[in-house]
Amino acid sequence: AQSVSQHNHHVILSEAASLELGCNYSYGGTVNLFWYVQYPGQHLQLLLKYFSGDPLVKGIKGFEAEFIKSKFSFNLRKPSVQWSDTAEYFCAVGPHAGNMLTFGGGTRLMVKP
Amino acid sequence: ETGVTQSPTHLIKTRGQQVTLRCSSQSGHNTVSWYQQALGQGPQFIFQYYREEENGRGNFPPRFSGLQFPNYSSELNVNALELDDSALYLCASSLAERGRDTQYFGPGTRLTVL
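Residues numbered from 1 in each chain as written. Chains lettered and ligands numbered in written order. Predicted model: local features only at pLDDT ≥ 70, side-chain atom pairs only at ≥ 80, totals over all residues. Heavy atoms only, no water.

Attention shifts here to the overall build of chain B. The number of helices and strands found in chain B is zero helices and eleven strands. Traced from its N-terminal end to its C-terminal end, chain B shows the element sequence β-β-β-β-β-β-β-β-β-β-β. Over its C-alpha atoms, taken along the principal directions, chain B stretches across nearly 40 × 30 × 25 Å. Within chain B, the fraction of its 114 residues that count as buried is 49%. For chain B, restricting intrachain contacts to residue pairs at least 6 apart in sequence, the fraction spanning at least 24 positions comes to 54%. Of the roughly 5,600 Å² of accessible surface on chain B, 47% is carried by carbon and sulfur atoms. A gap of 3 Å separates the mean positions of the 9 positive and 10 negative side-chain charges of chain B. (Helix = DSSP H or I, 4+ residues; strand = E, 2+ residues; numbered from the N terminus. Buried < 20%, exposed > 50% of the residue type's maximum accessible area, 1.4 Å probe, protein only. Contact = heavy atoms within 4.5 Å. Areas by Shrake-Rupley, 256 points an atom, 1.4 Å probe, with all protein chains shown as cover. Lys, Arg positive; Asp, Glu negative; His and termini not counted. Charge placed at Lys NZ, Arg CZ, Asp CG, Glu CD.)

Okay, the sheet that holds strand E8 (residues 74–78) of chain B next. Residues and elements named next belong to chain B. Read from one edge to the other, the open sheet built from four strands follows the order E1-E3-E8-E7, with strand pairing classed as antiparallel. A strand with exactly one partner marks an edge of an open sheet, and here the two such strands are strand E1 (5–7) and strand E7 (64–68). Each neighbouring strand pair of the sheet contributes to a mean axis angle of 20 degrees, computed without reference to strand direction. Pairing between E7 and E8: five bridges, direction antiparallel. Bridge pairing in E8 links Leu67 to Glu75. (Pairing = 2+ DSSP bridges. Axes fitted to C-alpha atoms, helices over the stretch in contact; angles between N-to-C directions.)

Ranked by size, the top nonpolar core spans 28 residues in total, and within it Leu33(A), Trp35(A), Leu47(A), Leu48(A), Phe74(A), Leu76(A) and Tyr89(A) carry the most contacts. When contributions to this core are tallied by element, the ones reaching two or more residues are strand E2 (10–14), strand E3 (19–21), strand E5 (31–38), strand E6 (45–50), strand E8 (64–68), strand E9 (73–78), strand E10 (87–95) and strand E12 (107–112) of chain A. Not counting chain neighbours up to four residues away, the residues in contact with Leu47(A) comprise Trp35(A), Tyr36(A), Val37(A), Gly59(A), Ile60(A), Phe63(A), Leu76(A) and Tyr89(A). Ranked by size, the runner-up nonpolar core spans 20 residues in total, among them Cys23(B), Phe47(B), Phe60(B) and Leu76(B). (Core = buried A, V, L, I, M, F, W, Y, C linked by side-chain atoms within 4.5 Å.)

Turning our eyes to something else, we now look at the environment of Trp35(A). Residue and element names in this part refer to chain A. Relative to the helices and strands, Trp35 resides in strand E5. Sequence-wise, Trp35 and Gln45 are ten residues apart; in three dimensions their C-alpha atoms are separated by 8.7 Å. A polar atom in the side chain of Trp35 sits 2.8 Å from the backbone oxygen of Phe74. (Polar contact = N/O pair within 3.5 Å; in protein donor to acceptor, adjacent residues only side chain to side chain.)

You can see Asp101(B) is positioned in the loop between strand E9 (87–94) and strand E10 (104–105). Each residue touching Asp101(B), except ones within four places of it in the same chain, is listed here: Phe34(A), Phe51(A), Gly98(A), Asn99(A), Leu95(B) and Ala96(B).

Tallying the contact residues gives 20 residues for chain A and 26 residues for chain B. It is His43(A), Asn99(A) and Met100(A) in chain A that bury the most area against chain B; as a group they hold 34% of the surface buried on that side. Seen at the junction of chain A and chain B, the total is zero salt bridges. Breaking the side of chain A that touches chain B down by element, the ones donating at least two residues are E5 and E6 of chain A. Its residues assigned to classes, the side of chain A that touches chain B shows ten nonpolar, nine polar and one charged. (Buried area = accessible area lost by both parts, 1.4 Å probe. Salt bridge = Lys/Arg side-chain N within 4 Å of Asp/Glu carboxyl O. Nonpolar A, V, L, I, M, F, W, Y, C, P; charged D, E, K, R; others polar.)

Before going further, it helps to examine the pattern of salt bridges. Residues and elements named next belong to chain A. In this structure the tally under the stated criterion is nine salt bridges over all chains. Taking the shortest distance from any N to any O, the salt bridge between Glu64 and Lys58 comes out at 2.9 Å. Since its relative accessible area comes to 17%, Glu64 is described here as buried. For Arg77, the salt bridge goes to Glu66, with nearest N and O atoms at 3.2 Å. In this pair, Arg77 is assigned in strand E9 and Glu66 in strand E8, connecting sequence segments eleven residues apart. A residue is classified by how much of its surface remains accessible, and Glu66, at 28% relative accessible area, is partly exposed.

Given below as structure tokens:
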């Protein structure tokens, strides 16, 4: 069975600090990887995705993630966070030949102005 | 704005009742997936519909059932509601492209079971 682990449940940063959110998954096959974000009062939005190819993927709003196959990881990064990045971030994994996502428990990020 | 819409926004039911939630998929999408998001947790996959057929199911009992219509909209039905069914129910639509499916989520229906 698939599982996704997000190690940091709550993260508090000051504006301009760098961000890295961890995501590790367990799955015995080729996977698609996603990061979604849920801003306060809004619905889940896609930040970025990885299907194949270059393991470093860039998403919206300056976010990027790196797929490290040997570590089963897909960590999310941003060099300099803004107050508007305050949100909950979810890592999700799906089988390459399917469409059924398994989500991590989420990381709640608070950015102090 | 993804174009996926859900209704109603909020719903309050009592234990033992039945509920139907609705989802309109984004234009051009042919697959609908439903998720349950309990408070403080990540979404959990309930099931998926593709071309009006169930195309995968998560670890949810048979009292969770669904439909997809020819226009790709979908319903989630839950019978014999239990207190633990209180959650945000999310619908996601996608265009089935083998190996490259991306799901886009609606705003959800907040179900409270008393």
